Amino acid sequence: MPSTPPTPPLVTRTPAGAVVTVWQAMAGARYLLSPWPWRSVAYLLSGVLLGVTLLVGLALLAVLGGMLALVVVGLPLLVGLVLAGIPVARLERRRLRLVDAGTDPADPHRTPGAEGLRPWLTTRLREGATWRELGYALLLAGLLWPVDALVVTVGLLFPAGLAATPLLMATVGDGRETKVLKQWTVTTWPAAFAVAVLGLALLCAGAYLLGVGAGARGALTRLLIASREGELGERLVELTRSRVRLVDAFEAERRRIERDLHDGAQQRLVALTMTLGLARLDVPPGPLAEQLTKAHQEADAALAELRELIRGIHPKVLTDYGLAAAVADAADRCAVPVDVALELPGRLPDAVEAAAYFVVGEALTNVSRHSGASRATVTGEHRDGRLVLRVSDDGRGGARAGAGSGLTGLADRVSVLDGRLSLASPAGGPTVLRVEIPCRPRSVAPVTSAPSALPSRDPSG
């Protein structure tokens, strides 16, 4: 069976003050003249029909499945019995519109992780919602539909039988006598009309009884088959995992773009620059030599810009050598002197290294542009299962994360990894940016970096 996404809550948009539930309708003066009593009757009668059908169906599945289980043929029937609550609950969520037109309760089921019948069955059988809906189906088949039938009988059929006494006396009793509810005999027309008046009065009271019964029945149904906090928690966990998967996919795409630019466009620009340089050597002084010189300079500038672009997308030093070397490289390129002291147990997960690097890079950019600092420091370690980084400077302070610093988006990126980013920057300084990201190292070789401990880089960047 193909997987389908969970059904979101359907919201019926109604004007302000509009009646959307039978409880609201009963509080109004025009309830008896509104469609709500008839909607309550339709809800209860459809519940009786559904309950009887469900009772017969579940009994057949249980009997046939039990008898045929020994020859394996009955196992699908037993599985169908367990899953019977799913379509029943889906139908019940739609029937609720008769007595509650405001919202439909959300489908509590999760989307299977893969296509096909087996993943769908595995997901459904492991969900608490499936078993709760089966319990509701059994409750409906065994208890709820008789209660619905009793409410309809007391609130509608008995009063309607009393109100129809004159009609029955004129047709069935030939105008001489008739039995009221097959219990009491009425032999005169005044008595027949008195019983009819009593029946009409009881019909009015029964309309409210029907509303109460339908409203209570709908509230119980919503309570039993709507989403629970546990399922909402599971959805939240799945949402968090999906965000992490998106971050991993994003980082993989950034690395692919960096690799394509590094191995493709950058190498072509390097070759072009070398070709123009050799051409300058072979051309005598003159206008052509000046044009070649200008073209060589433009190619050098384009190559430098491309290298900066590649470094901004995903620096190759981060991919090849890890976070410590990448931070040392960023500190080496910063306009302000930076002291780096990182003690890491080895390589960290790619998403963690990327998030930490770009936070440090943005912080050093802010130090260079806005702080007025004479020196900055980057320290960090991995302890108690968390990567902790601190970037501080001796500048003027007063920095704000949302004041065009570029740290807001990085804070969101860190939060996806269940990390935290905090900024302390009182007026007059110092400014301290702290990042904490829970993670486990991929390797256990200790890595210590300082600004002088940079990896060698090839001429092409």
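One structure accompanies this document, and this report is about it. No experiment lies behind these values; they were computed from the predicted model shown. (Residues numbered from 1 in each chain as written. Predicted model: local features only at pLDDT ≥ 70, side-chain atom pairs only at ≥ 80, totals over all residues. Heavy atoms only, no water.)

**Quick look at the side chain of Arg124**
Phase 1 of the analysis: With respect to the secondary-structure elements, Arg124 resides in helix 5 (residues 117-126).
Phase 2 of the analysis: A residue is classified by how much of its surface remains accessible, and Arg124, at 5% relative accessible area, is buried.
Phase 3 of the analysis: Here Arg124 is in contact with Leu83, Ile86, His109, Arg110, Pro112 and Thr130, once residues within four sequence places are set aside. (Helix = DSSP H or I, 4+ residues; strand = E, 2+ residues; numbered from the N terminus. Buried < 20%, exposed > 50% of the residue type's maximum accessible area, 1.4 Å probe, protein only. Contact = heavy atoms within 4.5 Å.)

**Topic: the nonpolar core**
Phase 1 of the analysis: In terms of nonpolar packing, the biggest core is built from 41 residues, with Leu323, Val338, Leu364, Val378, Leu387 and Leu389 touching the most fellow members.
Phase 2 of the analysis: Of all the secondary structure elements, the ones that give two or more residues to this core are helix 11 (316-321), helix 12 (323-333), strand 3 (338-344), helix 13 (350-371), strand 4 (376-383), strand 5 (386-393), helix 14 (407-416) and strand 7 (431-438).
Phase 3 of the analysis: In terms of residues, this core owes the most to one element, helix 13, which gives 12 residues.
Phase 4 of the analysis: Among residues more than four places away in sequence, those in contact with Val378 are Val327, Val338, Asp339, Val340, Ala341, Leu342, Val360, Leu364, Arg390 and Val391.
Phase 5 of the analysis: Residues Val22, Trp36, Val99 and Ala207 belong to the second largest nonpolar core, which totals 16 residues. (Core = buried A, V, L, I, M, F, W, Y, C linked by side-chain atoms within 4.5 Å.)

**As for the packing of helix 2 (residues 36-68) against helix 6 (residues 128-163)**
Phase 1 of the analysis: Look at helix 2 against helix 6: their axes get within 8 Å of each other, and the N-to-C directions meet at 145°. Note on packing geometry: the crossing formed by helix 2 with helix 6 is left-handed. Packed against helix 2, whose contacting residues are Val41, Leu44, Leu45, Gly47, Val48, Leu50, Gly51, Val52, Leu54, Leu55 and Leu58, the element helix 6 presents Ala137, Leu138, Leu140, Ala141, Trp145, Asp148, Ala149, Val151, Val152 and Leu156 at the interface.
Phase 2 of the analysis: Each residue belonging to the contact of helix 2 with helix 6 can be placed in one class, and the counts come to 18 nonpolar, two polar and one charged. (Axes fitted to C-alpha atoms, helices over the stretch in contact; angles between N-to-C directions. Left-handed = near helix turned anticlockwise from the far one by under 90°. Nonpolar A, V, L, I, M, F, W, Y, C, P; charged D, E, K, R; others polar.)

**Describing the environment of Val367**
Phase 1 of the analysis: Mapped onto the fold, Val367 is located in helix 13.
Phase 2 of the analysis: Sequence separation of Val367 and Val391 is 24 residues, and the distance between their C-alpha atoms is 9.5 Å.
Phase 3 of the analysis: Those residues in contact with Val367 that lie beyond four places of it in its chain are Val336, Gly372, Ala373, Ala376 and Asp393.

**So, the packing of aromatic side chains**
Phase 1 of the analysis: Applying the stated criterion across every chain, the model contains three aromatic pairs.
Phase 2 of the analysis: Ring geometry for Tyr31 versus Tyr208: centroids 4.8 Å apart, planes at 45°, classification tilted. Here Tyr31 is found in the loop between helix 1 (22-26) and helix 2, whereas its partner Tyr208 is found in helix 8 (residues 189-225), with 177 residues between them in sequence.
Phase 3 of the analysis: Note on Trp189 and Phe193: the rings are 6.0 Å apart at their centroids and 35° apart in plane angle, and the pair reads as tilted. Separated by four residues within a single helix, Trp189 and Phe193 lie in helix 8, roughly one turn from each other.
Phase 4 of the analysis: Note on Trp189: relative accessible area 34%, which makes it partly exposed.
Phase 5 of the analysis: When the ring centre of Trp36 is taken as reference, the NZ or CZ atom of Arg39 above it lies at 4.2 Å.
Phase 6 of the analysis: Over the ring of Tyr43 we find Arg95; its NZ or CZ atom is 4.3 Å from the centre of that ring. (Phe/Tyr/Trp six-rings, centres within 6.5 Å; stacked < 30°, edge-to-face > 60°. Lys NZ or Arg CZ within 6 Å of the ring centre and 35° of its normal.)

**As for the pattern of salt bridges**
Phase 1 of the analysis: In the structure shown here, the tally under the stated rule is 14 salt bridges.
Phase 2 of the analysis: For Asp329, the salt bridge identified is with Arg333, shortest N-O distance 3.5 Å. With Asp329 and Arg333 both in helix 12 and four residues apart, the pair spans about one turn of that helix.
Phase 3 of the analysis: Classification of Arg333 as partly exposed rests on a relative accessible area of 35%.
Phase 4 of the analysis: Residue Glu353 pairs with Arg347 through a salt bridge whose shortest N-O separation is 2.9 Å. (Salt bridge = Lys/Arg side-chain N within 4 Å of Asp/Glu carboxyl O.)

**As for the pairing of strand 3**
Phase 1 of the analysis: What you see with strand 3 is a clean split: Val338, Val340, Leu342 and Leu344 sit on the buried side and Asp339, Ala341 and Glu343 on the side with no burial.
Phase 2 of the analysis: Judged from the six bridges that link them, strand 3 and strand 4 form a sheet pairing that is parallel. Note that in strand 4 the partner of Glu343 across the bridge is Glu381.
Phase 3 of the analysis: One crossover worth recording links strand 3 to the parallel strand 4 by way of helix 13, and it is left-handed. (Pairing = 2+ DSSP bridges. Right-handed = clockwise from strand over helix to strand, strands pointing away.)

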